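An overview of the molecular structure
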Amino acid sequence: MEYTQLGRTGLKVSRLVLGTMNFGPQTDESDSHAIMDAALDAGINFFDTANVYGWGENKGRTESIIGNWFAQGGDRRDKVVLATKVYGNMGADGQAWPNHDKLSALNIRRAVDASLKRLRTDHIDLYQFHHIDRNTPFEEIWQAIDTLVQQGKILYAGSSNFPGYKIAQANETAARRGTLGLVSEQCLYNLAERRAEMEVIPAAQDYGLGVIPWSPLHGGLLGGIIKKEVQGGRRATGRAADTLKDATARAQVQAYEDLLDKHGLEPGEVALAWLLSRPGVTGPIVGPRTAEQLESAIRSVELELSEELLAGLDDIFPGPGPSPEAFAW
């Protein structure tokens with residue numbers, strides 16, 4: 001496994017991030033524990049979750065599964081850089097009781113204590129804002145975060161799904177307060193969805209944030225989905241299924257699979273390797289449902305893409321170009 005610094009910090013993290021969103025809803029606890037053990041054995045030290053994972057009536061279940069794994073000992077907690085998120089409604093029965101969601105100082109305080117209890121740990125390494133809160137000023141947010149840092153409950157703060165201007169607002173406010181500010185941004189970014197290259201990634205690079213792409217296979221679209229359908233395997237669902245309804249998009253994906261078949265490469269591994277080659281990217285989040293999927297993701301770290309192949313990928317999935325040239329002269 002390869003490691004890199006998380007943004008401008010001294011924190012060393014693996015180039016792959018273990019996403020845990022499937023733990024609970026799709027992968028039972030024992031299999032989830034086995035996947036985490038396998039990830040650690042492979043050198044993956046960066047684990048990502050969120051307080052709402054588990055979803056519906058089971059919100060918080062994923063954090064509890066991770067906490068039970070930590071409780072098994074064996075230096076599991078000490079070896080892991082643990083990231084979780086705050087923002088979503090955690091009210092019972094899906095009812096958003098006032099101050100049980102978003103980024104008020106009250107909810108941040110309540111949410112971090114609840115996550116620590118479920119995770120069975122005394123601190124969170126990277127505490128991420130899952131979305132922007134248009135009604136809470138960053139002065140209030142940073143006051144809450146600074147208190148948690150002083151209490152030793154969190155070490156770093158990051159963002160998720162932030163536009164570029166909010167990254168700037170957040171870190172300019174932190175700079176005025178003399179504090180560290182955001183050190184990472186977790187955004188939707190992959191070969192089929194490259195809009196982050198216009199504003200989000202340049203802002204992250206300028207402010208020293210590590211970029212952590214989520215949905216690196218675009219919901220399975222970039223994992224050889226057409227070939228799998230033809231062979232009677234897994235059918236596209238969600239974002240991938242919606243995309244394939246468009247004839248032009250389906251032709252793009254078919255061209256992508258044909259190109260990689262020509263080179264004898266696995267689509268999912270190439271999609272991850274492409275992200276690992278992109279400027280500013282710390283590491284993509286992989287969310288395996290099985291140990292086999294984890295093994296495939298790990299192979300991507302050692303995969304070197306030729307200039308010819310990279311050019312071919314750009315031809316099929318062209319990026320938007322730099323901002324403002326992408327939409328101006």
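One structure accompanies this document, and this report is about it. All of these numbers come straight from a predicted model, not from anything done at the bench. (Residues numbered from 1 in each chain as written. Predicted model: local features only at pLDDT ≥ 70, side-chain atom pairs only at ≥ 80, totals over all residues. Heavy atoms only, no water.)

We now examine the sheet that holds strand β5 (residues 81-86). An order of β9-β8-β7-β6-β5-β4-β3-β10 is seen for the eight strands of this open sheet, with the pairing classed as parallel. In this open sheet, the two strands that pair with only one neighbour each are β9 (210-214) and β10 (285-286). When strand β6 (residues 124-129) meets strand β7 (residues 154-160), the two strands line up parallel, connected through five bridges. Of the residues in β7, the one forming a bridge with Leu126 is Tyr156. The strands touched by helix α4 (residues 105-119) within the sheet are β5, β6 and β7, with β6 carrying the most contacts at an inclination of about 135°. (Pairing = 2+ DSSP bridges. Helix = DSSP H or I, 4+ residues; strand = E, 2+ residues; numbered from the N terminus. Contact = heavy atoms within 4.5 Å. Axes fitted to C-alpha atoms, helices over the stretch in contact; angles between N-to-C directions.)

Cis geometry is found at the peptide bond from Ser323 to Pro324, where omega equals 5°. Its place among the elements puts Pro324 in the segment after α13 (307-316). Even without being glycine, His218 reaches a positive phi, approximately 50°. Examined against the element boundaries, His218 turns out to sit in the loop between β9 and α8 (225-230).

What follows covers the pattern of salt bridges. Following the criterion strictly, the structure yields 15 salt bridges and no others. A salt bridge links Arg278 to Glu197, with the nearest nitrogen and oxygen atoms 3.4 Å apart. Here Arg278, found in the loop between α11 (267-276) and β10, pairs with Glu197, found in the loop between β8 (182-188) and α7 (200-206); they are 81 residues apart in sequence, far enough to count as distant. Classification of Glu197 by relative accessible area gives buried; the value is 14%. Between Arg250 and Glu229 there is a salt bridge, and its shortest N-O distance comes to 3.5 Å. Here the residue Arg250 occupies a position in helix α10 (residues 247-263), and Glu229 occupies one in helix α8, the gap between them amounting to 21 residues. (Salt bridge = Lys/Arg side-chain N within 4 Å of Asp/Glu carboxyl O. Buried < 20%, exposed > 50% of the residue type's maximum accessible area, 1.4 Å probe, protein only.)

Residue position: Arg76 is located in helix α3 (residues 76-79). Of the residues examined, Arg76 reaches a relative accessible area of 15% and is grouped as buried. When sequence neighbours within four positions are dropped, the list of residues in contact with Arg76 reads Asp37, Leu40, Trp69 and Phe70.

Glancing now at the packing of aromatic side chains. Aromatic ring pairs are reported here in terms of the distance separating the ring centres and the angle at which the planes meet. Going through the model one piece at a time under the given rule, you end up with eight aromatic pairs. Where Trp69 meets Phe70, the ring centres are 5.5 Å apart and the plane angle is 45°; that geometry is what we call tilted. Each member of the pair, Trp69 as well as Phe70, is classed as buried. With a centroid separation of 6.4 Å and 55° between ring planes, the pair formed by Phe138 and Phe162 is classed as tilted. (Phe/Tyr/Trp six-rings, centres within 6.5 Å; stacked < 30°, edge-to-face > 60°.)

The next point concerns the environment of Ala240. Locating Ala240 in the fold gives a position in helix α9 (residues 238-244). Spatially, the C-alpha atoms of Ala240 and Gln26 are 18 Å apart, while their sequence positions differ by 214 residues. When sequence neighbours within four positions are dropped, the list of residues in contact with Ala240 reads His218, Gly219, Gly220 and Leu221.

Another aspect to go through is the pairing of β5. Consecutive residues of a regular strand have side chains that alternate between opposite faces of the sheet. β5 sits mainly inside the fold: six of its six residues count as buried. Burial along β5 is two-sided: the face carrying Val81, Ala83 and Lys85 and the face carrying Leu82, Thr84 and Val86 are both buried. Pairing between strand β4 (residues 46-48) and β5: three bridges, direction parallel. For Asp48, the partnering residue across the bridge sits in β5 and is Ala83.

Our focus in this paragraph is the environment of Ser30. Its location among the elements puts Ser30 in helix α1 (residues 29-41). Taking the C-alpha atoms as reference points, Ser30 and Ile316, separated by 286 residues in sequence, lie 40 Å from one another.

Our focus in this paragraph is α1. Counted at 1.5 Å a residue, the expected span for α1 with its 13 residues is 18 Å, and the 18 Å between its end C-alpha atoms agrees. Buried residues of α1: Ser32, His33, Ile35, Met36, Ala39 and Leu40, and no others. Projection of α1 onto a plane perpendicular to its axis shows the buried side chains occupying an angular sector of 160°, all on one side. Lining the buried residues of α1 we find β3 (17-19), β4, α2 (61-70), α3 and α12 (291-299). Residue Gly43 follows α1 closely and has a positive phi angle near 95°. (Expected span 1.5 Å × (residues − 1). Arc of directions from axis to C-beta.)

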